[in-house]
Amino acid sequence: MLPNGPPVSDAVAAPAFAVALALVHLVAGRLGVSGRIPRSRWLSLAGGVSVAYVFVHLLPEVGAAAATLAERGTPTAFAEQYGYLIALLGFVTFYGLDRHAHRASAAPGRDDDRIGSGAFWLHISSFAAYNAIVGYLLWDRELGSPALFTVAMGLHFLVTDDGLRAHHGTAYHRHGRWVLSAAVIAGFGSGYVLEDTELLIAVFVPFLSGGIILNVIKEELPSDRESRFWAFAVGAAGYAALLLLV
C-alpha cells in the first residue's frame, strides 16, 4: 500500500479515475440531459445513486471522523458530534451558496454572461473546493472501492453541472466547467503529495456528505423541476444494493 492510501493496484488506477471525474463537467453539456423540463430521468437516477453512496458509505464514516477529530482536538462535551457538525456545516454552506446564486441570477440587468460577476466566481470557487475534496478522497482506502466512488461522484457531478448551467449559463460553459475539472485533478494531486491525511479526511468526508445531500435535494425537490421520483428511487435502491453486496 501507499502511505495512507489505497492498495497499489487501486493506486495505479486512481489517476484514470481522477481524469474520468475531471472529464464529466467537460462533456456533460453534450449529453442532452441538462436543462430539461420535465427533468431528465437520467439526472434523477444519478441523484439517487449519489444519495445512496452518502447514506451507505459516507455517513458511516462520519462517526469515525468524529472520533479522529476528538482524539486530535481539545476534549469537550461535543467532541463526539464534531463530524456531524461538519456535515451540517457542509449542508448549510451549500444551501447559502445556492440562495445567493438564485438572488444574483434574478437581479435586474443580469444577462446570460456573468463572467465578471462576483457571485459567479464565489459559486464556482466553492464548487471547485468541493470537487477538489472529491479528487483528494480518491486516495482514501476507507471509502471502499475507488471505482464505485468514482461512478457515484461522476453521476453526482452531472447533477451539480445541470444546476450550475441553469444558474450561470454561458459564463459556466466558457469558464466554470474548466475550473471545476481542473479542481478534481488538483485535489487528486494534493492527496498524493500529502502524507498525514487522517485529519484532513476526517474533515472532508463529513463536509462532502452534507454538501452532496443538499445539492441533490435542491435539484430534485422543487416542484417546477418535475423530477422523476421512480428514477431517483431506482437509482438509490439499486446502488445501495450494489454497495452492500460488493
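For the structure, check the block above.
Remember, it's a predicted structure, so these values are computed and weren't measured experimentally.

(A) Focus on the nonpolar core. Residues Tyr53, Leu137, Met153 and Leu208 are the most contacted members of the largest nonpolar core, which totals 59 residues. Those elements giving two or more residues to this core turn out to be helix H1 (8-27), helix H2 (41-72), helix H3 (82-106), helix H4 (118-137), helix H5 (146-193), helix H6 (198-220) and helix H7 (229-245). Top contributing element to this core by residue count: H5, with 13 residues.

(B) Spatial organisation of the pattern of salt bridges. Evaluation of the coordinates by the stated rule reveals three salt bridges. Linking Lys218 and Asp98 is a salt bridge whose minimum nitrogen-to-oxygen distance equals 3.5 Å. Here Lys218, found in helix H6, pairs with Asp98, found in helix H3; they are 120 residues apart in sequence, far enough to count as distant. Taking relative accessible area as the criterion, Lys218 reaches 16% and is therefore assigned buried. Since its relative accessible area comes to 7%, Asp98 is described here as buried. Across the pair Asp161 and Arg165 runs a salt bridge, and its minimum N-O distance is 2.5 Å. Taken together, the residues Asp161 and Arg165, both in helix H5 and four residues apart, mark about one turn of the helix. One exposure class covers both Asp161 and Arg165, and it is buried. Taken together, the shared-partner salt bridges in this structure form one network comprising Asp98, Lys218 and Glu219.

(C) Region of interest: a nonpolar patch on the surface. Taken together, the side chains of Leu85, Leu88, Phe91, Val92, Ile217 and Leu221 make up a nonpolar region of the molecular surface, amounting to roughly 540 Å² of accessible area. The element contributing the most residues to the nonpolar patch is H3, with four residues. Position of Leu85 relative to the elements: it lies in helix H3.

(D) The packing of aromatic side chains, seen in detail. Under the definition given, this model contains 10 aromatic pairs. Between Phe229 and Trp230, the aromatic rings sit 5.1 Å apart at their centres with planes inclined by 70°, giving edge-to-face as the arrangement. Each of the two residues, Phe229 as well as Trp230, counts as exposed. A network of ring pairs unites the aromatic residues Phe94, Phe127, Tyr130 and Phe207 as a single cluster.

(E) Spatial organisation of the packing of H4 against H5. Where H4 contacts H5, the axes come no closer than 4 Å and their chain directions differ by 25°. It follows that H4 is roughly parallel to H5 by the angle criterion. The element H4 and its partner H5 pack so that their crossing is right-handed. Split by residue class, the contact of H4 with H5 holds 22 nonpolar, 12 polar and no charged.

(F) Spotlight on H4. Compared with the 28 Å implied by 1.5 Å per residue over 20 residues, the 29 Å span of H4 between its first and last C-alpha is a close match. Judged by how many residues are buried, H4 sits mostly within the fold: 14 of 20 residues are covered.

What counts and how
Residues numbered from 1 in each chain as written. Predicted model: local features only at pLDDT ≥ 70, side-chain atom pairs only at ≥ 80, totals over all residues. Heavy atoms only, no water. Core = buried A, V, L, I, M, F, W, Y, C linked by side-chain atoms within 4.5 Å. Buried < 20%, exposed > 50% of the residue type's maximum accessible area, 1.4 Å probe, protein only. Helix = DSSP H or I, 4+ residues; strand = E, 2+ residues; numbered from the N terminus. Salt bridge = Lys/Arg side-chain N within 4 Å of Asp/Glu carboxyl O. Patch = residues over 30% accessible without salt bridge, like charges linked within 9 Å, V, L, I, M, F, W, Y side chains within 5 Å. Areas by Shrake-Rupley, 256 points an atom, 1.4 Å probe, with all protein chains shown as cover. Phe/Tyr/Trp six-rings, centres within 6.5 Å; stacked < 30°, edge-to-face > 60°. Axes fitted to C-alpha atoms, helices over the stretch in contact; angles between N-to-C directions. Parallel < 35°, antiparallel > 145°, perpendicular 65-115°, else oblique. Left-handed = near helix turned anticlockwise from the far one by under 90°. Nonpolar A, V, L, I, M, F, W, Y, C, P; charged D, E, K, R; others polar. Expected span 1.5 Å × (residues − 1).

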